[in-house]
Amino acid sequence: MKIRRALWVGILLWILIFVEWSILIFLPVIKDSLTSQWAIHYVMIVVWALLGAHLYYKSKDKTSGFAVGAIFLLVGVILDMIITMPLFIIPQGRTYLDFFLDWQMWIGYIELIAVVGFYKIFKKI
């Protein structure tokens, strides 16, 4: 596994998702609809995960896509813990547990790992 490459791609994905959420929460049409925001986010996760997998596997690495997806996720969770939580979530009165145990977050986590994992599988075909 190319750890440095996985870390950089994970950081890029976190930035893209951060910008995406920033747009979604202020977009006039859906800013008051959390359901719409999550639905759009789930679609965009596929796009971001495919982009991340494509960037990572340009190096012809043979590492499992599920392991690479887990690294991408771990990078994002760490960045959420040190940036998103203290700057945006805690000031709203929410806690780390509220944020990380949200079932909608877990759908996104699973989706990210699955898309990157299946990207690697189908790339072989």
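Above this note sits the structure.
Everything numeric in this text was worked out from a predicted model, so none of it was measured.

A. Representation of the environment of Lys 123. For Lys 123, the location among the structural elements is in helix H5 (residues 103–124). For the pair Lys 123 and Leu 51, spaced 72 residues apart in sequence, the C-alpha to C-alpha distance is 13 Å.

B. Just the layout of surface pockets, in detail. Within this model, the largest pocket holds a volume of roughly 860 Å³. In terms of lining residues, the largest pocket is bounded by 32 residues, among which Trp 21, Thr 84, Ile 89, Phe 99 and Met 105 are the most central. Of all elements in the fold, only helix H1 (3–26), helix H2 (34–56), helix H3 (65–89) and H5 reach the threshold of two or more residues within the lining of the largest pocket. Of all the elements, H1 adds the most residues to the lining of the largest pocket, at nine residues. Residues belonging to the lining of the largest pocket are distributed by class as follows: 19 nonpolar, nine polar and four charged.

Definitions and limits used
Residues numbered from 1 in each chain as written. Predicted model: local features only at pLDDT ≥ 70, side-chain atom pairs only at ≥ 80, totals over all residues. Heavy atoms only, no water. Helix = DSSP H or I, 4+ residues; strand = E, 2+ residues; numbered from the N terminus. 1 Å grid on protein atoms, 1.4 Å probe; cavity = no way out; pocket = protein on both sides within 12 Å on 5 of 7 lines; lining within 4 Å. Points joined across faces, edges and corners; volume = space filled by probe spheres on them. Nonpolar A, V, L, I, M, F, W, Y, C, P; charged D, E, K, R; others polar.

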